[in-house]
Amino acid sequence: MRVMIATKTCHKKLVEDESGGMTILGLFIFTWMLMLGGLALDFARGQNMVTLMQNTADSAAFAAMTTRYDNPEGVAKAEGVRIAALNMPSDRFGTVMTELDIEFGTWNEVSREFTPLAGSMDAVRVQVSRTDANRNALRTTLMRFVGINSFNLVQSATVASHNPACLREGFVADQIVDMQSGNTFTNGFCIHSNRDLKMSSGNTFEPGVGVSMPAPSNIQLPNSGFTSNPGLQDALAANRYNLKIADRLDAIITGLQTPGSRYIPAYITSDVVINLATKSISQDDLIPGRIHEVNCNGNQQLDIAKDAIITDVVIITNCRTSFSQGARLENAVFATTHAGARSINGPAGVQIGRDDNCGVGGGAQLITLGSMDFANGLKVFGGQLLARNNILFTADGGGVEGASFIAGGRIEGTSNMNMKGCRGQGMEDSFQEMYSRLVQ
């Protein structure tokens, strides 16, 4: 009886004992924690990979777009692939991008749509992939125990080219822009300095005019301040531009002499350069559709004859050049490598571009590695003046209508001018260094 009682008591204790139940529950909880931990771990790895792939796509798109400005499409695609491989080496990530993953095309800012178009320089779209089809999908660690063996990840980027409005039309200088009194600036015109702006009194800034500098509070004004410059305060904003084109004037001049270069205007029909021995050019010395070169020794000067109409030509020289009174350039490029303070100058009445009320075509471009100085009566209609150093000018009262002055130094203008913007009309042949921006 005592044994039976002891056995009965033992069975009762065994039934009532719950210590083993905790072991089973703990195993169940551990299994779920392992699955959740695996999910969190693999998800975090996936998010980190997505970030890396997006950065790679962005970098490759910018590289392809920037390279495209000066190179064929194939070269630009190769550069995009190279940059992608540097960010994500194939020995670690497989081949994340090939040239087939890069498309050039157009970008519609309104609809936010990219349209593939072979040969375009407007936009580029790239794709970076880690997928099963690409044989480089991201393998999971713990999630494979629940049947998820890999993640298929694809990231893309679209970069579009653009040229800021201020660099298309207006006065832009890396140093000071100094405007005298009595000027009127109309809708579409822009004034910018990467350093300081100085405005005398009596200038009028109509709605739609842009005025900018890095620190607007530092603008130099007369004692009357904004009161004597109506519209200026509303137009003034903070901005800074990388004046890439001022650093690329050598490349532009070289490109004008390089067959197939994008810098050669459409009205040039032959790449063969004509060498001129004369140091005084009239329109009779020039052949339309051709590139002409004039070389000077020492302090020799090249003179453009009085009332000469220079049209449908490119002239490249190393001479200091003086444009005589009444000289006009229409559908023409004049470039000099002379680096002096007055490497391009004109006493009076020089006209850059055709006076056609912002009509299509007829624009002209002046380029110098030095400075320009036009003493009186400069007229600019759809014209572009590019100087590595300074641009100093006195313009005709109504003679600035569609103009782009870009100086690596300073710009100094005169009084009583009417600066009218043309929204790029008539300036189709202006030289531009495009900027890239991520749009999608």
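Anything mentioned here points back to the structure above.
Residues numbered from 1 in each chain as written. Predicted model: local features only at pLDDT ≥ 70, side-chain atom pairs only at ≥ 80, totals over all residues. Heavy atoms only, no water.

S.K.: When you look at the overall build of the chain in this model, what are you seeing that I'm missing?
M.R.: On a plain count of helices and strands, the chain comes out with 7 helices and 29 strands. The C-alpha atoms of the chain give a radius of gyration of 34 Å, which is well past the 22 Å a tight globule of 440 residues would have. The C-alpha extent of the chain, read off along each of the three principal axes, is 140 × 55 × 40 Å. Taking all 440 residues of the chain together, the buried fraction comes to 46%. Averaged over its 35 positive side-chain charges, the chain has a centre that lies 10 Å from the centre of its 41 negative ones. (Helix = DSSP H or I, 4+ residues; strand = E, 2+ residues; numbered from the N terminus. Rg over C-alpha atoms; globule rule 2.2 N^0.38 Å. Buried < 20%, exposed > 50% of the residue type's maximum accessible area, 1.4 Å probe, protein only. Lys, Arg positive; Asp, Glu negative; His and termini not counted. Charge placed at Lys NZ, Arg CZ, Asp CG, Glu CD.)

S.K.: Can you walk me through the sheet that holds strand S1 (residues 102–108) in this structure?
M.R.: Where strands meet in a sheet, backbone hydrogen bonds hold them as pairs that are either parallel or antiparallel. Reading across from one edge, S2-S1-S3-S6-S29 is the order of the 5 strands in this open sheet, with antiparallel pairing throughout. Strands at the two margins of the open sheet, each flanked by one partner only, are strand S2 (113–116) and strand S29 (435–438). Each strand of the sheet is rotated relative to its neighbour by a mean of 35°, with strand direction disregarded. Judged from the 4 bridges that link them, strand S6 (residues 153–162) and S29 form a sheet pairing that is antiparallel. Looking at the pairing, Ala160 lines up with Arg437 of S29. (Pairing = 2+ DSSP bridges. Axes fitted to C-alpha atoms, helices over the stretch in contact; angles between N-to-C directions.)

S.K.: What should I look at first to understand the pairing of strand S17 (residues 291–294) in this one?
M.R.: The side chains of a regular strand alternate, first on one face of the sheet and then on the other. Where strand S15 (residues 273–276) lies against S17, 4 bridges are found, and the strand directions are parallel. Looking at the pairing, Leu276 lines up with Val294 of S17. Relative to strand S19 (residues 309–317), S17 runs parallel, the two sharing 4 bridges. For His292, the partnering residue across the bridge sits in S19 and is Ile315.

S.K.: Which parts of the structure should I look at to understand helix H3 (residues 73–87)?
M.R.: What sets the pattern is the α-helix's 3.6 residues per turn: residues three or four places apart point alike. Under the 1.5 Å per step criterion, the end-to-end length of H3 is 22 Å for 15 residues, consistent within 8% with the ideal 21 Å. Residues of H3 that are buried include every one of Glu73, Ala76, Lys77, Gly80, Ile83 and Ala84, and no others. Burial along H3 is one-sided: seen end-on, the buried residues are contained in an arc of 125°. (Expected span 1.5 Å × (residues − 1). Arc of directions from axis to C-beta.)

S.K.: What is the right way to look at the layout of surface pockets in this model?
M.R.: The gaps left among the atoms become clear once a water-sized probe is rolled over them. For the largest pocket, the calculated volume is near 300 Å³. Together, Arg262, Tyr263, Ile264, Pro265, Val333, Gln365, Glu428, Asp429, Ser430, Phe431, Gln432 and Met434 line the largest pocket. When grouped by side-chain class, the residues that make up the lining of the largest pocket number 6 nonpolar, 3 polar and 3 charged. Of the voids in this model, the second largest pocket is the one considered here, and its volume is about 240 Å³. Around the second largest pocket, the lining comprises 16 residues; the ones closest to its centre are Ala165, Cys166, Gly188, Cys190 and Arg423. (1 Å grid on protein atoms, 1.4 Å probe; cavity = no way out; pocket = protein on both sides within 12 Å on 5 of 7 lines; lining within 4 Å. Points joined across faces, edges and corners; volume = space filled by probe spheres on them. Nonpolar A, V, L, I, M, F, W, Y, C, P; charged D, E, K, R; others polar.)

S.K.: What's the story with the side chain of Lys77 in this structure? I'm lost.
M.R.: Among the structural elements, Lys77 can be located in helix H3. A residue is classified by how much of its surface remains accessible, and Lys77, at 18% relative accessible area, is buried. Setting aside residues no more than four positions away along its own chain, Lys77 makes contact with Glu99, Ile102 and Phe104. (Contact = heavy atoms within 4.5 Å.)

S.K.: Even after reading the chapter, I still don't get the state of the cysteines, so can you show me in this structure?
M.R.: Among covalent bonds in proteins, the disulfide is the one between the sulfur atoms of two cysteines. Taken as a whole and judged by the stated rule, the model has 3 disulfides. Covalently, Cys296 is tied to Cys319 through a disulfide, its sulfur atoms 1.9 Å apart. The sign of the 95° torsion about the S-S bond sets the Cys296-Cys319 disulfide as right-handed. Here Cys319 lies in the loop between S19 and strand S20 (320–323) and Cys296 lies in the loop between S17 and strand S18 (301–304), a separation of 23 residues in the sequence. Neither Cys296 nor Cys319 differs from the other in exposure class; each is buried. What pairs with Cys358 in a disulfide is Cys422, and their sulfur atoms sit 1.8 Å apart. Handedness here is read from the sign of the S-S torsion; for Cys358 and Cys422, about -60°, the answer is left-handed. With Cys358 in the loop between strand S23 (351–352) and strand S24 (364–368) and Cys422 in the loop between strand S28 (418–420) and S29, this residue pair connects regions lying 64 residues apart in the sequence. Overall, Cys358 belongs to the buried group, its relative accessible area being 15%. Assigning the bonded cysteines of the chain consecutive numbers by sequence position, one obtains the connectivity 1-2, 3-4, 5-6. (Disulfide = S-S within 2.5 Å.)

S.K.: What is the right way to read the environment of Leu392 from this model?
M.R.: When you line up the elements, Leu392 lands in strand S26 (residues 391–407). A C-alpha to C-alpha distance of 14 Å links Leu392 and Ile367, two positions 25 residues apart in sequence. The residues touching Leu392, leaving out its near neighbours within four places in the chain, are Met372, Asp373, Phe374, Arg410 and Glu412.

S.K.: Explanation requested: the pattern of salt bridges in the structure shown.
M.R.: Between side chains of opposite charge, a pair can form when the charged atoms approach closely. The full count for this structure, using the stated rule, is 17 salt bridges. Ionic pairing is found between Arg112 and Glu109, a salt bridge with its closest N-O pair at 2.6 Å. For Arg112, a relative accessible area of 38% translates into the label partly exposed. For the salt bridge of Arg354 with Glu330, the shortest nitrogen-to-oxygen distance reads 3.6 Å. Of this pair, Arg354 sits in the loop between S23 and S24 while Glu330 sits in strand S21 (residues 328–336), and the two are 24 residues apart along the sequence. Relative accessible area serves as the criterion here: at 29%, Arg354 is assigned to the partly exposed category. (Salt bridge = Lys/Arg side-chain N within 4 Å of Asp/Glu carboxyl O.)

S.K.: It is not clear to me how unusual backbone geometry should be interpreted in this structure. Could you clarify?
M.R.: Of all residues except glycine, most have a negative phi; of all peptide bonds, most are trans. Even without a glycine there, the phi angle at Arg135 is positive, about 60°. On the secondary structure map, Arg135 appears in the loop between strand S3 (123–130) and strand S4 (138–139). Judged by its relative accessible area of 80%, Arg135 is exposed. For Asn331, which is not glycine, the phi torsion reads 50° and is therefore positive. Considering the arrangement of structural elements, one finds Asn331 in strand S21. Here Asn331 falls in the buried class, since its relative accessible area comes to 15%.

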